[in-house]
Amino acid sequence: MKNFSFRKTGLVLLSAALLPLLASAQEKATLAISSIKPTPAMASALKPDKKVELGRILESLDSQLIDRVNATRKFDVVGRSDLNEVIKEQDSGASGNVDAKTAAKAGKLAGAKYLLVATVDDFQDFVEKATFEGTGRSATKRVFRFSIVAKIYDSSTGKLMESANFQTGNDAFKQIQEERNYTVKDGELSDEMMVAVSRTMAEKIANRVADVIFPAKIMAKRDTVVTINRGEGAGVAVGDVFNVFALGEDMIDPDTKESLGREEVKVGKVKISEVTPKFSKADTSEDTGIAVGAILRKVQ
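Summary of the structure given here.

### Focus: the pattern of salt bridges
Then, in step 1: Considering all chains together, one arrives at eleven salt bridges under this definition.
Then, in step 2: Across the salt bridge formed by arginine 68 and glutamate 203, the nearest N and O atoms sit 4.0 Å from each other. With arginine 68 in helix H3 (residues 48-71) and glutamate 203 in helix H7 (residues 191-213), this residue pair connects regions lying 135 residues apart in the sequence.
Then, in step 3: Taking relative accessible area as the criterion, arginine 68 reaches 18% and is therefore assigned buried.
Then, in step 4: Look at glutamate 203 and you get partly exposed, because its relative accessible area is 27%.
Then, in step 5: The salt bridge involving aspartate 154 is made with lysine 113; its shortest N-O contact spans 3.3 Å. With aspartate 154 in strand E5 (residues 137-154) and lysine 113 in the loop between helix H5 (100-110) and strand E4 (114-132), the pair connects residues that are 41 residues apart, well separated along the chain.
Then, in step 6: Residue aspartate 154 is classed as buried on the basis of its relative accessible area, which comes to 14%.
Then, in step 7: Residue lysine 113 is classed as partly exposed on the basis of its relative accessible area, which comes to 33%.
Then, in step 8: One network of salt bridges, in which partners are shared, links Asp67, Arg68 and Glu203.

### Remarks on the packing of aromatic side chains
Then, in step 1: By the definition in use, this model includes three aromatic pairs.
Then, in step 2: Each ring, one from phenylalanine 75 and one from phenylalanine 214, has its centre 5.6 Å from the other, and the planes form 50°; the classification is tilted. Taken together, the residues span a long stretch of sequence, with phenylalanine 75 in strand E3 (residues 75-77) and phenylalanine 214 in the loop between H7 and strand E7 (216-222) at a distance of 139 residues.
Then, in step 3: Judged by its relative accessible area of 1%, phenylalanine 75 is buried.
Then, in step 4: Summarising the aromatic geometry, the rings of phenylalanine 123 and phenylalanine 146 are spaced 6.0 Å apart at their centres and angled 85° between planes, so their arrangement reads as edge-to-face. Of the two residues, phenylalanine 123 is situated in strand E4 and phenylalanine 146 in strand E5; the sequence distance between them amounts to 23 residues. Here phenylalanine 123 matches phenylalanine 146 in class, with each residue buried.

Parameters at a glance
- Numbering of residues starts from 1 in each chain and follows the order in which that chain's sequence is written.
- Owing to the predicted nature of the model, reporting of local features is limited to residues with pLDDT of at least 70; listing and counting of side-chain atom pairs is limited to 80 or more, with chain, interface and lining totals taken over all residues.
- Here the side-chain values reflect all heavy atoms present in the structure, with hydrogen atoms and water set aside.
- The salt bridge definition used is simple: a Lys or Arg side-chain nitrogen within 4 Å of an Asp or Glu carboxyl oxygen.
- Each helix is a run of DSSP H or I of at least 4 residues and each strand a run of E of at least 2, with the numbering of both proceeding from the N terminus.
- Think of it in three bands: residues with accessible area under 20% of the maximum for their type are buried, residues over 50% are exposed, and the middle band is partly exposed, with areas taken using a 1.4 Å probe on protein chains only.
- Here the aromatic set is Phe, Tyr and Trp, taking the six-membered ring for Trp, and pairing holds for ring centres within 6.5 Å; pairs whose planes are under 30 degrees apart are stacked, those over 60 apart are edge-to-face, and all others are tilted.

Pasting the structure below:
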């Protein structure tokens, strides 16, 4: 009986000791996402009906972006009520030009390591009509443009890590419409198309955030096949080609003593052959030292 009690106590103590380690191993990065807003200059130039249309797109995009970021399985998205109030305090916050102090304060209040601020800097949606003189004929053309600037900050330092512009336009818009059999009204997106455009834009932004903070990595290698920690909805498709890099030493700026990241040495190239919900497999076409832990950069 005493031996049983001793063993039971030992197991309890061992479990208690392991809990912090397990929690740490399962811990995700925390990310705060500000509400997406148009730049003041662009918003003031929109006609009333287009302001309503853009507002509905942004409502959809706000929720879609949180969903897509969660789908990467890399982040815990934290509350953003405090975050939005902090950004409002800064005059240039609405334009997306958040300074280091504001980024650090917003991240601290939200309890987030990283901060994502996205703003719309271009939105056009109308039908253009051209009449050809002497023939009496006319033609119409749909003009659609939607552009967002997304910025990622390290809120512990306020440092801007990445700034990228994401766009969709006539060609991409037409492709979404045809692939999903969605119809549109003249010069106005239907509700279904608003969701489709928002989802597409949200996927682009979420995948870029994941790639900047957590580059795709090789989890396993068997002969000429590697397994990558990116699955469906994470910007990976069959046929995509990636360069593979081994991580070298940390690079320090000799003047500022600032870390510039780790050296990346190209060690191969792979092509995606299979995509599953949680991971992908790829065939190697070049290999001069590909190993588990190597990172991947998509070949554009």
